[in-house]
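A structural walkthrough
Chain by chain, the residues:
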Amino acid sequence: MVLNLLQWCSLSSSSLLKLTPPLFRFCCTFPFTNISTFSNKRFVKKPSKHNSITPKVTNFLRMFYLCRNIENLKPLGSVLIVRGLMRDKDAVAEFIISCFHLDAPELALSAFEGIEKPSVFLQNLMIRRLCNHGLFEDVLYVYLKGRVLGCSSDNFTFPFVIKASSALGAVWMAEGVHCVVFKTGFEENLVIQTALVDFYGKTGRMEKARLVLDRISQPDLVTWNALISGYSLNGFDKDAFEVLRQIRMMGLKPNVSTLVSIIPLCTRMKCYDLGKSINGFVIKSGFSSDVILTPALISMYADDGNLFVARNLFDFASEKNVIIWNSMISAYAQNQKFSEAFKMFRQMLQANIQPNMVTFVSIIPCCENPDNFWYGKFLHAHVMKYRLDSQLSVATALLSMYAKLGDLNSAEFIFYQMPRRNILSWNSMISGYGYNGLSEASLAAFCGMQVEGFDPDAISIISILSACSKLEAILLGKAAHAFSFRKGFDSNLNISNALLAFYSDCGQLSYCFKLFLKMALRDVISWNTLISGCVHNKDTENAVALLHEMQREECKLDLVTLISIIPICSMTENLIQGMSLHGYTIKTGFACDVSLVNALISMYSNCGDINAGKFLFEVMPWRSIISWNALMTGYRYHNLQNEVIASFCQMIWEGQKPNYVTLLNLLPACSTLLQGKSIHAFAVRTGIIVEIPIITSLISMYARYEITNSCLFLFGMGEKKDIALWNAVMSAYIKTRNAKEVVTFFCELLHARVEPDFITFLSLISACVQLSCLNLSNSIMAYIIQKGFDKHIVISNALIDLYARCGNISVAKKIFEDLPSKDAVSWSAMINGYGLHGDSNAALALLSQMKHSGIRPDGCTYTSVLSACSHGGFADQGWMIFNSMVEEGVPPRMEHYACMVDLLGRTGQLSGAYNFVEKLPCKPSTSLLESLLGACRVHGNVELGEKISMLLFQLDPKNSGSYVMLYNIYAAAGRWVDANRVRSDMEERQLRKLPGFSLVEGNRHPVE
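In this text the structure is predicted, and so the values were computed from the model without any measurement.

In terms of regular secondary structure, the chain is built from 59 helices and two strands. By the burial criterion, 47% of the 1008 residues in the chain qualify as buried. Of the roughly 50600 Å² of accessible surface on the chain, 55% is carried by carbon and sulfur atoms.

Below, the structure is given as structure tokens:
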């Protein structure tokens, strides 16, 4: 343990001889004369006018030449005390110089503390050496001690003290020094004034910096450079360029220091042409070989995406130090050229250039892609090798990398192993939890940060708002909003944009608009966030209005704006508007962007122009998996199943790897069970089977073929806490008409403590419809009300239909009337209910009310009304409604034609019904013809019945119902020979009449 020099004073010479190494004993016993052999000019000082150096001291000073390490130096410090040389400033000065030369500043400080009253010379020497070693706290300590001991300061003291105060952010100290400068009359000293300009610039007080400079009678280039550096550091870019202009007008030529501050401004302001001009000036002025300018120029060209020039600057650099290597690595990383960055790092190691903290902070983010996981491990190993793992910025970069890679265990290990943490490391941990979907852990880390005494900054607030969005924690998000307001972050544009995104994600559009209108400053991100929120919440009118307002305020639409707004054209099926946006993308040069073209493909497909979507797909120079999925979704939307399968085959042939969205498009296109099983096998082989959407889609596919065992097997593979799986199985039972199993499965769901959603209740209501069980329906409705799902209009519409079909039209009417808002489905369900109960007048009256309320009837509504007219025998009203439907632009579908045929058949207008069928623009369906054949049986029209039967035999030769109805027609007309012939045809074709059944609700359960 090193003894303090003051402690050595209490030891005698003999004691010192026992404690110190041979060199000290040599120094103490050897006479200080005749040591000329060790003389060295570095230690021999010319005697000053006032203070001559004695031969004894001169000989002692020569002994410092022998010191090769700290152990050699310590004895000489003891000699200073023993021989009484602590009062000799030359001896003490030489000892201090040697301490710093051997990197032992603590010995120098110990010696300095032993001086009763240090001179200005020793104080300045100590301050300058400490400042050069970056020991700024010790600089202030020495200065303050000197002030206490009555040591004065001069023009060599103040610049270093101001520099130390600036480095430590000790504003109070520097301002105090400034006052002392004024008091002692050094305010005219240019070096001190420059130091003050530099200090005020680095601490963000640019007004004071400018005031100090304006008071200088003749500022030199160094002073102007300090002001430019301050403006650049604090983001006053235009002011920095103005100062540069003033320098040029005064005839001063910018030097390297000037350009080092100006070039980053060109990068930040995207003034690349100006930066290139400055590069020309650098070459003209002969600064091109300067190792300080080269990294700044490389960074500027890298920011412009011009890696070719950046690499040339690197290759032609006369000296490649670690800073230049770092700038080139950062350039590749910034431009997503990760492999080149790794290659550059390896070349750096091969060139024996030791990487530093900046190297790793620049290259570690390149490993945040899962493909570069092992590169991350490689870099982590090198961090450990060079012992930089204790550097907070490097550890934080590693923490962020592991979090982005999903390795939270490693991220947490690094975080908890940090000897000290700063706000950046906490923010990385908070965002890491949020990135991996652990929003609750993110909130816990946010609280932990505050418990440890760290005040959240803007990044903390943005990270926590993201977590609140994912959790839909509106109250917590509002609390974060209030916190940011209290801390004065409300003017921070990034936080305002994060708040917009939070309220939008939580469906709070009203708060979004209030916040947006209060924002003093908005950028394109603000507009995009609000537009995207409107689109996400299906508020298309406000989205379009915002787009127009954005253009009126001359805010330029970017790629994100267009990608956000294009889906509106899909929602409204507004092809003209979509084509206008497409034209704008071509005009602005965005038409080659893959993401934008994908959005356009989806837009054209949804708007009915599948050929335009296909054309865009075919001319794409490069297609992503999303491009293939967009085209296949378009084909599926238009029921072009063969094209879906053909696109999938082409996709595989071109080497594109499908994802689960691809298979979700492919499964509905399967026309055979074998195709479905093949896709199932492909999903298992590629590992896509683990995705819940794929499992649910496969369940639906097997339900189509009524293979419930496979559905249950797939259900067993998935995560039982996911309600989507339960919904898929319940839907499968509905399709296979196993309504009782649906009810049983719902009970199991409740026992498993899984919360049902509105889709669950829709399946349950469909099961009740199949069972026609009023008691069960009442129980389900009570549970729905208890859970609060009765507020969902979709659920209320399903309940209206349920009670109407179960025979309780009064309850259906009550639910309908209690709806706070009604959509077209609500009106259609109630109209259909009246039709089922034969109350055609009420159905027609409700249609009239619907039109008066401003709701436009759709195709389903007209189907319900026409069906009601058919049940009531209202032929004239039926024709009138059918014609008005066509006039209102609702295209008739097969179900509308079937209702009209049924209506005409019921009223005995069989010839009119047959003429109507012959004039159909499409091929009649089996159900339509069966309805007309049934009317022929009722009205005894044998001739027409025979014609309709022939059509049915051609359409569906295996349908026994057509033969049975024709047999009944012949039998009713007494034509038994023909009737027996029909029976014989059935036997020859091995067709059997389907048995009828009756579903009657008993006391406990329905019986068949």
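This paragraph deals with the environment of Ala480. Tracing the backbone shows Ala480 in helix 29 (residues 474-486). Taking the C-alpha atoms as reference points, Ala480 and Leu465, 15 residues apart in sequence, are found 7.1 Å from one another. Sequence-distant contacts of Ala480, defined by excluding residues within four places in its chain, comprise Ile461, Ile464 and Leu465.

Below, the discussion takes up the nonpolar core. Note on soluble globular proteins: their nonpolar side chains tend to be buried together. Of all hydrophobic cores here, the largest spans 302 residues; its most connected members are Met126, Leu227, Ile364, Leu663, Ile699 and Leu799. Not counting residues up to four positions away in its chain, the partners in contact with Leu227 are Val197, Met206, Ala209, Arg210, Leu213 and Val243.

For Ser697, the position within the fold is in helix 42 (residues 692-704). The contacts of Ser697, once residues within four sequence positions are left out, are Leu664 and Leu667.

Our next topic: the packing of helix 54 (residues 894-906) against helix 55 (residues 910-918). Running from N to C, helix 54 and helix 55 point in directions that differ by 160°, and their axes come no closer than 8 Å. If you check the angle between helix 54 and helix 55, you find them roughly antiparallel. As for how helix 54 packs across helix 55, the hand of that crossing is left-handed. Facing Tyr897, Met900, Val901, Leu904 and Gly905 of helix 54, the residues of helix 55 in contact are Leu910, Gly912, Ala913, Phe916 and Val917.

This part is about the packing of aromatic side chains. Applying the stated rule across the entire model yields 30 aromatic pairs. On the numbers, 5.3 Å between centres and 75° between planes, the contact of Phe415 with Tyr416 is edge-to-face. For Tyr416, a relative accessible area of 54% translates into the label exposed. Seen from their ring centres, Phe746 and Tyr783 are 5.9 Å apart, and the 85° between their planes marks the pair as edge-to-face. In this pair, Phe746 sits in helix 45 (residues 739-751) while Tyr783 sits in helix 47 (residues 774-787), placing the two residues 37 residues apart along the sequence. A residue is classified by how much of its surface remains accessible, and Phe746, at 6% relative accessible area, is buried. Among the aromatic residues, ring-to-ring pairing joins Phe715, Trp726, Tyr733 and Phe745 into one connected group.

What follows covers the pattern of salt bridges. Within this structure, the stated rule accounts for 20 salt bridges. For Glu549, the salt bridge identified is with Arg552, shortest N-O distance 2.7 Å. With a gap of three residues between them, Glu549 and Arg552 both fall in helix 33 (residues 540-552), about one helical turn apart. Overall, Glu549 belongs to the partly exposed group, its relative accessible area being 28%. On the basis of relative accessibility, which here comes to 60%, the residue Arg552 falls in the exposed class.

A cluster of nonpolar side chains, Phe758, Ile759 and Val794, forms an exposed patch at the surface whose accessible area comes to about 220 Å². Positionally, Phe758 belongs in helix 46 (residues 758-771).

Looking now at unusual backbone geometry. The residue Arg387 is not glycine, and still its phi comes out positive at about 55°. Within the secondary structure layout, Arg387 lies in the loop between helix 23 (373-385) and helix 24 (392-404). With a phi close to 60°, Lys538 is a non-glycine residue in the positive phi region.

This paragraph deals with the environment of Met950. Structurally, the position occupied by Met950 is in helix 57 (residues 942-955). Sequence separation of Met950 and Leu966 is 16 residues, and the distance between their C-alpha atoms is 9.9 Å.

With that settled, the discussion passes to helix 15 (residues 237-249). Compared with the 18 Å implied by 1.5 Å per residue over 13 residues, the 19 Å span of helix 15 between its first and last C-alpha is a close match. Of all the positions in helix 15, only Asp237, Ala240, Phe241, Val243, Leu244 and Ile247 are classed as buried. Summarising the axial view, the buried residues of helix 15 lie within an arc of 155°, below the 170-degree limit, and thus occupy one face. Of the residues in helix 15, the exposed ones pointing more than 90 degrees away from the buried face are Lys238 and Met249. Tucked inside the fold, the buried residues of helix 15 contact helix 13 (206-214), helix 14 (221-233), helix 16 (256-268) and helix 17 (272-284). In the segment just after helix 15, Gly251 is the residue with positive phi, at about 85°.

A word on helix 24. Here helix 24 spans 18 Å end to end across 13 residues, near enough to the 18 Å set by a 1.5 Å rise per residue. When you tally the buried positions in helix 24, you get eleven out of 13 residues, the bulk of the element. By the burial criterion, the buried members of helix 24 are Leu392, Val394, Ala395, Thr396, Ala397, Leu398, Leu399, Ser400, Met401, Tyr402 and Ala403. Tucked inside the fold, the buried residues of helix 24 contact helix 22 (357-363), helix 23, helix 25 (408-417) and helix 26 (423-435). Following helix 24 by one or two positions, Gly406 has its phi on the positive side, about 85°.

What follows covers the packing of helix 50 (residues 824-836) against helix 51 (residues 840-852). As a packed pair, helix 50 and helix 51 sit with axes 8 Å apart at the nearest point and diverge in direction by 165°. Classified by the angle between their axes, helix 50 and helix 51 sit roughly antiparallel to one another. Crossing angle aside, the handedness with which helix 50 passes helix 51 is right-handed. From helix 50, Ala824, Trp827, Met830, Ile831 and Tyr834 reach across to helix 51, where they touch Ala842, Ala843, Leu846, Leu847, Gln849 and Met850. Looking at the contact of helix 50 with helix 51, its residues break down into ten nonpolar, one polar and no charged.

Turning to its location among the elements, Ser400 is positioned in helix 24. Apart from residues lying up to four places away in sequence, Ser400 is in contact with Glu368 and Ser428.

Below, the discussion takes up the state of the cysteines. Using the criterion set out here, one finds zero disulfides in the structure. Between Cys512, a cysteine without a disulfide, and Cys534, which holds the nearest cysteine sulfur, the sulfur-to-sulfur distance is 7.7 Å. Assessed through its relative accessible area of 0%, Cys534 is described here as buried.

Moving on: the confidence of the model for the chain. Mean pLDDT over the chain: 83, with 90% of residues reaching 70 or higher. Per-residue pLDDT stays below 50 along residues 1002-1008; that stretch engages in ten contacts with residues further than four places along the chain or on separate chains.

This paragraph deals with the environment of Lys238. In this structure, Lys238 sits in helix 15. Residues Lys238 and Met269, spaced 31 residues apart in sequence, show a C-alpha to C-alpha distance of 9.5 Å.

What counts and what doesn't
- Residues numbered from 1 in each chain as written.
- Predicted model: local features only at pLDDT ≥ 70, side-chain atom pairs only at ≥ 80, totals over all residues.
- Heavy atoms only, no water.
- Helix = DSSP H or I, 4+ residues; strand = E, 2+ residues; numbered from the N terminus.
- Buried < 20%, exposed > 50% of the residue type's maximum accessible area, 1.4 Å probe, protein only.
- Areas by Shrake-Rupley, 256 points an atom, 1.4 Å probe, with all protein chains shown as cover.
- Contact = heavy atoms within 4.5 Å.
- Core = buried A, V, L, I, M, F, W, Y, C linked by side-chain atoms within 4.5 Å.
- Axes fitted to C-alpha atoms, helices over the stretch in contact; angles between N-to-C directions.
- Parallel < 35°, antiparallel > 145°, perpendicular 65-115°, else oblique.
- Left-handed = near helix turned anticlockwise from the far one by under 90°.
- Phe/Tyr/Trp six-rings, centres within 6.5 Å; stacked < 30°, edge-to-face > 60°.
- Salt bridge = Lys/Arg side-chain N within 4 Å of Asp/Glu carboxyl O.
- Patch = residues over 30% accessible without salt bridge, like charges linked within 9 Å, V, L, I, M, F, W, Y side chains within 5 Å.
- Expected span 1.5 Å × (residues − 1).
- Arc of directions from axis to C-beta.
- Nonpolar A, V, L, I, M, F, W, Y, C, P; charged D, E, K, R; others polar.
- Disulfide = S-S within 2.5 Å.
- pLDDT = per-residue confidence, 0-100.

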